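Chain by chain, the residues:
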Amino acid sequence: MIVDFDRIELEEVSRHFGRRRALSRVSFTLDAGQVLGLLGPNGAGKSTLLAIMATLLAPSSGTVRYGARVAAEAGPELRGRLGLLAHDLHLYPELTARENLRFFARLYGSPEPEADVDAALAQAGLAGRADEAVTGFSRGMRQRLALERALIHQPRLLLLDEPFTGLDDASMAALIERLKGLRELGRLVVLATHDLDVAERLVDRVVVLKDGRLVADEASPAELRQRYRAYVG
């Protein structure tokens, strides 16, 4: 069964860990062709929310709909339509760039894994270093490779948790352009970041969390830094 969707909708999503409230009644929607900036201070619930949207964590209450279906109805096929780039890049450092991508292409059941790997290496700008072990790569090179790892199965929804951390200006610019290209292709992108300058340049909408609660959901404002300070205090 092929699972496809043009919208993701969160309705009253809450998550508790014992007596600690990580998220409380968060609701918003995201449509295809949009990049949503997920903002908030440390501990606001951003990573928890991304884990729920990636189906790695179940909400304590509330629903997440991918099109007309919730995760339980869509089944495991839904994960084949999701891509996640988290703090852990999920790369095997002892393997080469090509071997890493080949592993994930086969894991997702690509009918043409070698062609997908070649395209991903070219997109990452790593074709010339495809057969080198990842352990010798710079932070920017690993980040570019990890992004293509998350995209090698052409997911509908891409979730990114602080992808700009530790990148130099050139790597940051390349990542921004890659994400803009995904927007042009009609993907749904959720970007959790502390970098407000990047958010101003890239996102179409912002959702701001504070203490697990949604405090803002609006089109990306021109003066985001000032507005953000007002949102979180």
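Just so it is clear, the structure is predicted and the values come from calculations on it, not from any experiment. (Residues numbered from 1 in each chain as written. Predicted model: local features only at pLDDT ≥ 70, side-chain atom pairs only at ≥ 80, totals over all residues. Heavy atoms only, no water.)

Caption draft 1: Looking closely at helix α8 (residues 224-232). For α8, the set of buried residues is Leu224, Tyr228, Tyr231 and Val232. Buried residues in α8, looked at end-on, bunch into an arc of 75°, giving them a common side. Away from its buried face, by an angle of more than 90 degrees, α8 presents the exposed residues Arg229 and Ala230. Residues of α8 that are buried make contact with β3 (34-39), α7 (196-202), β9 (205-210) and β10 (213-219). Two residues or fewer past α8, Gly233 is found with a positive phi of approximately 80°. (Buried < 20%, exposed > 50% of the residue type's maximum accessible area, 1.4 Å probe, protein only. Helix = DSSP H or I, 4+ residues; strand = E, 2+ residues; numbered from the N terminus. Arc of directions from axis to C-beta. Contact = heavy atoms within 4.5 Å.)

Caption draft 2: Spatial organisation of the packing of helix α3 (residues 97-107) against helix α4 (residues 113-124). Running from amino to carboxyl end, α3 crosses α4 at an angle of 130°, the nearest separation of the two axes being 9 Å. The pairing of α3 with α4 is recorded here as oblique in orientation. Crossing of α3 against α4: the hand is right-handed. Residues Ala97, Arg98, Leu101, Arg102, Ala105 and Arg106 of α3 touch α4, and the partners they reach there are Pro113, Glu114, Val117, Asp118, Ala120 and Leu121. Its residues assigned to classes, the contact of α3 with α4 shows seven nonpolar, no polar and five charged. (Axes fitted to C-alpha atoms, helices over the stretch in contact; angles between N-to-C directions. Parallel < 35°, antiparallel > 145°, perpendicular 65-115°, else oblique. Left-handed = near helix turned anticlockwise from the far one by under 90°. Nonpolar A, V, L, I, M, F, W, Y, C, P; charged D, E, K, R; others polar.)

Caption draft 3: Structural view of the packing of helix α5 (residues 139-151) against helix α6 (residues 169-184). Across the interface, α5 lies against α6 with an axial gap of 10 Å and an inter-helix angle of 15°. The angle between α5 and α6 falls in the class roughly parallel. With respect to the hand of their crossing, α5 and α6 are arranged in right-handed fashion. Of α6, the residues touching α5 (which contributes Gly140, Arg144, Leu147, Glu148 and Leu151) are Ser171, Leu175, Arg178 and Leu182. Partitioning the contact of α5 with α6 into residue classes produces four nonpolar, two polar and three charged.

Caption draft 4: Region of interest: the packing of aromatic side chains. A complete count under the given rule lists four aromatic pairs for this structure. With 5.6 Å between their ring centres and 80° between their planes, Tyr92 and Phe103 make a pair best called edge-to-face. A residue pair is termed long-range when its members are at least 10 positions apart, and Tyr92 in the loop between β6 (82-85) and α3 and Phe103 in helix α3 qualify at 11 residues. Taking relative accessible area as the criterion, Tyr92 reaches 36% and is therefore assigned partly exposed. (Phe/Tyr/Trp six-rings, centres within 6.5 Å; stacked < 30°, edge-to-face > 60°.)

Caption draft 5: Focus on the pattern of salt bridges. Under the counting rule described, the total for this entry stands at 16 salt bridges. The closest approach of N and O atoms between Asp118 and Arg98, which form a salt bridge, is 3.0 Å. Of this pair, Asp118 sits in helix α4 while Arg98 sits in helix α3, placing them 20 residues apart in sequence. The exposure class assigned to Asp118 is partly exposed, which follows from its relative accessible area of 41%. Across the salt bridge formed by Asp217 and Arg205, the nearest N and O atoms sit 2.7 Å from each other. Here Asp217, found in strand β10, pairs with Arg205, found in strand β9; they are 12 residues apart in sequence, far enough to count as distant. Residue class for Asp217 comes out partly exposed when judged on its relative accessible area of 34%. Residue Arg205 is classed as buried on the basis of its relative accessible area, which comes to 13%. Connected via shared salt-bridge partners are Asp4, Asp6, Arg81 and Arg156. (Salt bridge = Lys/Arg side-chain N within 4 Å of Asp/Glu carboxyl O.)

Caption draft 6: Expanded view of the sheet that holds strand β7 (residues 157-161). The six strands are arranged β6-β7-β8-β3-β9-β10 in an open sheet whose pairing can be described as mixed. Across the chains shown, the open sheet's two edge strands, defined by having one partner strand only, are β6 and β10. With direction set aside, neighbouring strand axes in the sheet form an average angle of 15°. With five bridges joining them, β3 and strand β8 (residues 188-192) adopt parallel strand pairing. When the sheet's bridge partners are listed, Gly37 is paired in β8 with Leu191. (Pairing = 2+ DSSP bridges.)

Caption draft 7: Broad picture of the environment of Met141. Tracing the backbone through its elements, the reader meets Met141 in helix α5. On the basis of relative accessibility, which here comes to 11%, the residue Met141 falls in the buried class. Spatially, the C-alpha atom of Met141 lies 23 Å from that of Ser47, the residues being 94 residues apart in sequence. If we skip the residues at most four places from it in the chain, Met141 touches Leu126 and Arg129.

Spatial relationships are all this shows, so hold off on functional conclusions.
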